[in-house]
Amino acid sequence: MEGFGVKIFLNVVVVMFLSQLLGLVMATSGGFSVDLIHRDSPLSPFFDPSKTRTERLTDAFRRSVSQVGRFRPGNLKGIESSIVPSAGEYLINLSIGIPPVPIIAIADTGSDLTWTQCRPCNSCYKQVLPFFDPQKSSTYRHSSCGTSYCLALGKDRSCSKQKHCTFRYSYADGSFTGGNLAAETLTVASTAGKPVKFPKFVFGCGHSSGGIFDGNSSGIVGLGSGKLSMISQLKSTIKGRFSYCLQPVSTDSTISGRISFGTSSGIVSGSGTVSTPLVRKKPNTYYYLTLEGFSVGKKRLPYKSFRKKAGAEEGNIIVDSGTTITFIPENFYSKLEKSVEKSIKEKGKRVKDPNGIFSLCYNTTREIKAPIITAHLRDANVELQPLNTFTRVQEDLVCFTLMATSDVGVFGNMAQVNFLVGFDLRKKIVSFMPTDCSQH
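> Break down helix α5 (residues 330-343) for me, citing the residues and quoting the values.
Its 14 residues give α5 an end-to-end C-alpha distance of 20 Å, which sits within 8% of 20 Å, the value for a rise of 1.5 Å per residue. Within α5, the full set of buried residues consists of Phe 332, Tyr 333, Leu 336, Glu 337, Ser 339 and Val 340. Projected down its long axis, α5 carries its buried residues within an arc of 170°, all on one side. Counted as exposed and oriented over 90 degrees from the buried face of α5: Lys 338 and Lys 342.

This is the structure:
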């Protein structure tokens, strides 16, 4: 999933505290919520206190640039064949098995299969938490080769001599993981205080993994819309609904975001809510929307043409919580950038980005007066505030955080900050409601 590298989508990663993994309860039809923590938050195991806020932002921007090609049509083969390990932006602590074994995983809206490293592990990367040992769990069961979940693995599946379903993914950066597809008890920690248990959850038990995986995480939680994803497997409980609220990343913030699942907590409605249709395309993992144009202030720029390789006009942009930057197909981006530049007053001197990431940057220590930029999605006008479109990457440098791409567009997580974003797979819509996510 990259043009220059590859990403792990979250992406959206969510951390649930291990102390809350006691007193298990069965999930109810009302749904549940869990904490959602950015990988660069002090609450994250990835947090590096020696780095400044601008260094952390630059790292996130570079991950986005390396990840955007994951959506390129030529890379859309198999379930997760283009994912890059450790590139996701949000983390989740959950547990697998009975008794529950904690794992830290990257929550990814751009992949389906949930997997973690398991014993015995013939060739595995080192991780902070202990490996999951299926022999010590009373609820572990191998998945057979003929199951619909095994078939959903596509070309990445195979069958053992024991007729057990096995998988192997080779990532575009040379990393890999492989093992057995199995059913096990999944436990997540609800913000209500009582963990929620899901029996017979199908996941990948990895017995061989290597490459650039980071030991702070021990796998992936798939939040895409395909058959193997957590969203699809929990459909009887959450009814195909989930939502999240992303707050601005702050180095001193110990307030987590939140992701909610189900009918009572996953619905987005109320004053200011706008909704846009989901477009079904292959692969069905991704959440495709249709972008019809932008307005810079009151000036509307219609989105008239698209590159053929990026797909038809329907579904020309993917909403993804695991990519920081918003990417716009290059044949339209130049018009948008020119309009933005003309609309900014007291902007300082235009300069090149020394990191070589952004196209439109200004040398200034003051806050620039940026316009509201409206993303015109089909049937929904999403008003992006300056914090969604500009960021200070150095003390004296402010940059426009939308970028050009030769691939399909991506509506990244900076554009989603301070919106309650809801996915309803039954109604086939994505909704946006302006929200102060630090209070949500």
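> Account for the nonpolar core, naming residues and giving values.
Of all hydrophobic cores here, the largest spans 69 residues; its most connected members are Phe 32 and Phe 261. With five residues, the single largest contributor to this core is strand β10 (residues 196-210). Listed in part, the 10 residues of the second largest apolar core include Phe 327, Cys 361, Leu 397 and Val 410.

> Account for the sheet that holds strand β24 (residues 390-394), with residues named and values stated.
Judged by pairing direction, the sheet is antiparallel, and its four strands sit side by side in the order β20-β21-β25-β24 without closing on themselves. A single partner strand is all that each edge strand has here, and the edge strands are β20 (349-351) and β24. Across this sheet, the average inter-strand angle for adjacent strands is 35°, counted without regard to direction. Of the pairings in the sheet, the one linking β24 to strand β25 (residues 397-400) comprises four bridges and is antiparallel in character. Within β25, the residue paired with Thr 391 across the bridge is Cys 399. Sheet strands in contact with α5 are β20, β21 (361-363), β24 and β25, and its direction is about 135° off that of β25.

> Could you give an account of the state of the cysteines, naming the residues involved and the relevant values?
Applying the stated criterion across every chain yields a total of six disulfides. Across the disulfide, Cys 150 is cross-linked to Cys 165 (sulfur-sulfur distance 2.1 Å). One disulfide, between Cys 150 and Cys 165, carries an S-S torsion of 85° and so falls in the right-handed class. One end of the pair, Cys 150, is in helix α2 (residues 148-151); the other, Cys 165, is in strand β8 (residues 165-170), with 15 residues separating them in the sequence. The exposure class of Cys 150 is buried, given its relative accessible area of 1%.

> Residues and numbers for the packing of aromatic side chains, please.
According to the stated counting rule, one finds 16 aromatic pairs in the structure shown. Measuring from ring centre to ring centre gives 6.2 Å for Phe 132 and Phe 203, while their planes differ by 75°; the resulting arrangement is edge-to-face. A residue pair is termed long-range when its members are at least 10 positions apart, and Phe 132 in the loop between β5 (115-117) and β6 (141-142) and Phe 203 in strand β10 qualify at 71 residues. Centroid distance Tyr 244 to Phe 423: 5.8 Å. Interplanar angle 40°. Geometry classified as tilted. Of this pair, Tyr 244 sits in strand β12 (residues 241-245) while Phe 423 sits in strand β28 (residues 419-424), placing them 179 residues apart in sequence. Relative accessible area serves as the criterion here: at 1%, Tyr 244 is assigned to the buried category. Exposure remark for Phe 423: the relative accessible area of 1% places this residue in the buried category. By the ring-pair criterion, three or more aromatic residues cluster together here, those being Phe 32, Phe 198, Phe 242, Tyr 244, Phe 261, Tyr 287 and Phe 423. Over the ring of Tyr 149 we find Lys 227; its NZ or CZ atom is 4.8 Å from the centre of that ring.

> Tell me what's going on with the sheet that holds strand β16 (residues 291-296), and back it up with residues and numbers.
Ordered by their spatial adjacency, four strands build an open sheet running β17-β16-β22-β23, and the pairing between neighbours is antiparallel. Among the strands making up the open sheet, the edge pair consists of β17 (299-302) and β23 (380-384). Across the sheet, the axes of successive neighbouring strands diverge by a mean angle of 20°, strand direction being ignored. Taken together, the five bridges between strand β22 (residues 373-377) and β23 define a ladder with antiparallel strand orientation. The partner of Ile 373 across the bridge, within β23, is Leu 384. This element, α5, spans β16, β17 and β22 of the sheet and lies at about 20° to β16.

Here is what the cut-offs are and how they apply
Residues numbered from 1 in each chain as written. Predicted model: local features only at pLDDT ≥ 70, side-chain atom pairs only at ≥ 80, totals over all residues. Heavy atoms only, no water. Helix = DSSP H or I, 4+ residues; strand = E, 2+ residues; numbered from the N terminus. Expected span 1.5 Å × (residues − 1). Buried < 20%, exposed > 50% of the residue type's maximum accessible area, 1.4 Å probe, protein only. Arc of directions from axis to C-beta. Core = buried A, V, L, I, M, F, W, Y, C linked by side-chain atoms within 4.5 Å. Pairing = 2+ DSSP bridges. Axes fitted to C-alpha atoms, helices over the stretch in contact; angles between N-to-C directions. Contact = heavy atoms within 4.5 Å. Disulfide = S-S within 2.5 Å. Phe/Tyr/Trp six-rings, centres within 6.5 Å; stacked < 30°, edge-to-face > 60°. Lys NZ or Arg CZ within 6 Å of the ring centre and 35° of its normal.

These results come straight from atomic positions and should not be treated as a statement about function.
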